[in-house]
Amino acid sequence: MAVYLEDGATTQSLKLHKAPRLETLDIALGPYCPTDANVVKWLENAVERRVFVDVPSLVCLPSLKGLVLVSVVYKDEDSLVRLLSSCPILNYLYVERHDPDNVTKFSVKVPSLVTLTYLNQTVLGEEDVEDIGGSLVIDSAILKEFAIIDCSTNSCSIENKPHLDNAFIYVNSYLDDKFIRCLSSVRLFEISLSVATQPDDVPLCLSTKLEIFEWKEYGGTREEKQILRYILANSKCLKRVGISLKPTWNWNKNKIMKELKSMYRVSSSSHLLFFTQLEFVANVEKN
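The name an unreviewed UniProt entry gives the protein is F-box/FBD/LRR-repeat protein At1g22000, with Camelina sativa as the organism.

Quick look at the structure:
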């Protein structure tokens with residue numbers, strides 16, 4: 001069903017529309033449209049009814065600098081590409097995906113993009129017999145800030161090696177060497193992985209940049225020990241390491257502390273500290 005809004009007499013039609021799915025929505029603000037027309041509310045109502053976004057090839061948003069895409073269902077992958085390519089000066093993009101949205105390869109190719117936040121809450125259920133091979137591909141050479149929380153098993157790749165300043169990464173997939181190398185310039189970096197990541201080549205962010213490292217809620221599992229040993233053995237500039245244990249492991253605190261102190265650290269000047277998160281942050285700020 002299509003809804004066409006032109007003047008005040010028809011603004012109630014969308015509110016009264018009860019169909020669970022709205023295929024298209026055209027909005028035209030004519031000369032008789034009331035000045036207090038709530039266009040944002042119309043769009044929210046349309047999105048709730050899963051309106052498809054089919055972006056025309058000639059669309060252009062020359063002044064748009066910020067874009068938020070939450071639970072959008074696209075017609076196809078090309079529609080997403082056309083939408084982003086129509087924003088020549090876009091510098092902020094926020095994406096939140098929940099239900100299947102007709103996009104397997106989510107491509108973000110925006111040369112002007114500075115900040116990207118990407119959340120994918122889609123998780124394979126019992127009815128999903130196999131991974132469909134989804135991916136996130138980022139091609140934004142001047143990207144400075146990047147945050148990703150991806151609960152799916154989609155792969156993530158970065159093209160043209162942006163000069164990142166801040167990065168927050170929480171993913172279930174393996175990060176390849178190319179992705180890790182893109183983090184070499186990061187100044188503020190937080191990462192949480194459900195799989196062990198050990199690249200073939202030691203990233204520059206570890207070997208020549210990392211000075212302060214913090215691990216929140218360290219549990220002493222085999223995988224955690226392996227990752228920590230790798231970081232300590234390859235961080236040549238490391239000055240301070242802060243470790244906070246999981247509350248459930250406090251009963252075994254002395255044993256874990258002794259084990260951590262015995263790990264090899266390539267930086268002989270580094271200090272191993274055991275703090276709660278707040279104490280460690282406060283200590284860093286004072287120095």
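**Q** What's the story with the packing of aromatic side chains in this structure? I'm lost.
**A** Each aromatic ring pair is summarised here by two numbers: the centre-to-centre distance and the angle between the ring planes. Per the counting criterion, the structure on display carries five aromatic pairs. Ring centres 6.3 Å apart and planes at 75 degrees place the aromatic pair Tyr-74 and Phe-106 in the edge-to-face group. Placement of the pair is Tyr-74 in strand β5 (residues 73-74) and Phe-106 in strand β7 (residues 105-109), with a sequence separation of 32 residues. Residue Tyr-74 shares its accessibility class with Phe-106, and that shared class is buried. Aromatic pair Phe-213 and Trp-215: ring centres 6.4 Å apart, planes at 80 degrees, arrangement edge-to-face. Of the residues examined, Phe-213 reaches a relative accessible area of 14% and is grouped as buried. Linked through ring pairs, Tyr-74, Phe-106 and Tyr-118 together constitute an aromatic cluster.

**Q** Can you help me understand the pattern of salt bridges in this one?
**A** Two side chains that carry opposite charge are able to pair once their charged atoms sit near each other. According to the stated counting rule, one finds four salt bridges in the structure shown. Ionic pairing is found between Glu-211 and Lys-239, a salt bridge with its closest N-O pair at 3.7 Å. Of this pair, Glu-211 sits in the loop between α5 (204-209) and β14 (212-218) while Lys-239 is found in the loop between α6 (222-234) and β15 (240-245), placing the two residues 28 residues apart along the sequence. Accessibility expressed as a relative area gives 48% for Lys-239, which makes it partly exposed. For Lys-225, the salt bridge identified is with Glu-259, shortest N-O distance 3.0 Å. Note that Lys-225 is positioned in helix α6 and Glu-259 in helix α7 (residues 253-261), a separation of 34 residues in sequence.

**Q** Before we go on, may I ask you to explain helix α3 (residues 77-85) in this structure?
**A** For α3, the full list of buried residues reads Ser-79, Leu-80, Leu-83 and Leu-84. Buried positions in α3, seen along its axis, are confined to an arc of 130 degrees and lie on one side of it. For α3, the exposed residues set more than 90 degrees away from the buried face come down to Asp-78 and Ser-85.

**Q** In this structure, what is going on with the side chain of Ser-207? I would like to understand it.
**A** Mapping Ser-207 onto the fold places it in helix α5. Not counting residues within four places of it along the chain, the set of residues in contact with Ser-207 comprises Val-202, Asn-234, Lys-236 and Cys-237.

**Q** Help me understand the environment of Leu-61 in this model?
**A** With respect to the secondary-structure elements, Leu-61 resides in the loop between β3 (52-53) and β4 (66-70). Sequence-wise, Leu-61 and Ile-89 are 28 residues apart; in three dimensions their C-alpha atoms are separated by 8.7 Å. Beyond its immediate sequence surroundings of up to four residues, Leu-61 is in contact with Ser-86, Cys-87 and Pro-88.

**Q** Got a minute to help me understand the pairing of strand β16 (residues 271-274) in this structure?
**A** Two faces belong to every sheet, and in a regular strand the side chains alternate between them. On β16, burial follows the alternation: Leu-272 and Phe-274 on one face are buried, whereas His-271 and Leu-273 on the facing-out side are not. Where β15 and β16 come together, four bridges link them in parallel fashion. Directly across from Gly-242, in β16, lies its bridge partner Leu-273.

**Q** How should I be thinking about the sheet that holds strand β11 (residues 155-159) in this particular structure?
**A** Hydrogen bonds along the backbone pair up the strands of a sheet, which may run parallel or antiparallel. In spatial order, the strands read β7-β9-β11; together these three strands make up an open sheet with parallel pairing. Looking along the sheet, the strands with just one partner apiece sit at the ends: β7 and β11. Each adjacent strand pair in this sheet contributes to an overall mean axis angle of 10 degrees, direction not counted. Bridge count between strand β9 (residues 135-139) and β11: five bridges; the pairing is parallel.

About the cut-offs
Each chain has its residues counted from 1, running along the sequence as written. This being a predicted model, a pLDDT of at least 70 is required before a residue's local features are given, and a value of 80 or more before pairs of side-chain atoms are given or counted; all residues contribute to the totals for chains, interfaces and linings. Hydrogen atoms and water are omitted, and side-chain values are computed over all heavy atoms in the structure. Whether two aromatic rings pair depends on their centres lying within 6.5 Å, for rings of Phe, Tyr and Trp, where Trp uses its six-membered ring; planes under 30 degrees apart make the pair stacked, over 60 edge-to-face, and the rest tilted. Secondary structure elements are taken from DSSP: a helix is a run of H or I of four residues or more, a strand is a run of E of two residues or more, and numbering for both begins at the N terminus. We call a residue buried when its accessible area falls under 20% of the maximum for its residue type, exposed when it is over 50%, and partly exposed in between, using a 1.4 Å probe and counting protein chains only. Within this document, salt bridges are pairs made up of a side-chain nitrogen of Lys or Arg and a carboxyl oxygen of Asp or Glu, the two lying within 4 Å of each other. Relevant arc is that of directions from the helix axis to the C-beta atoms, nothing else. By definition, residues are in contact when any of their heavy atoms lie within 4.5 Å. When DSSP locates at least two bridges between a pair of strands, those strands are taken to pair. A fitted line through C-alpha atoms represents every axis, and for helices the fit uses only the stretch in contact; the resulting angles, taken between N-to-C directions, go from 0 to 180 degrees.

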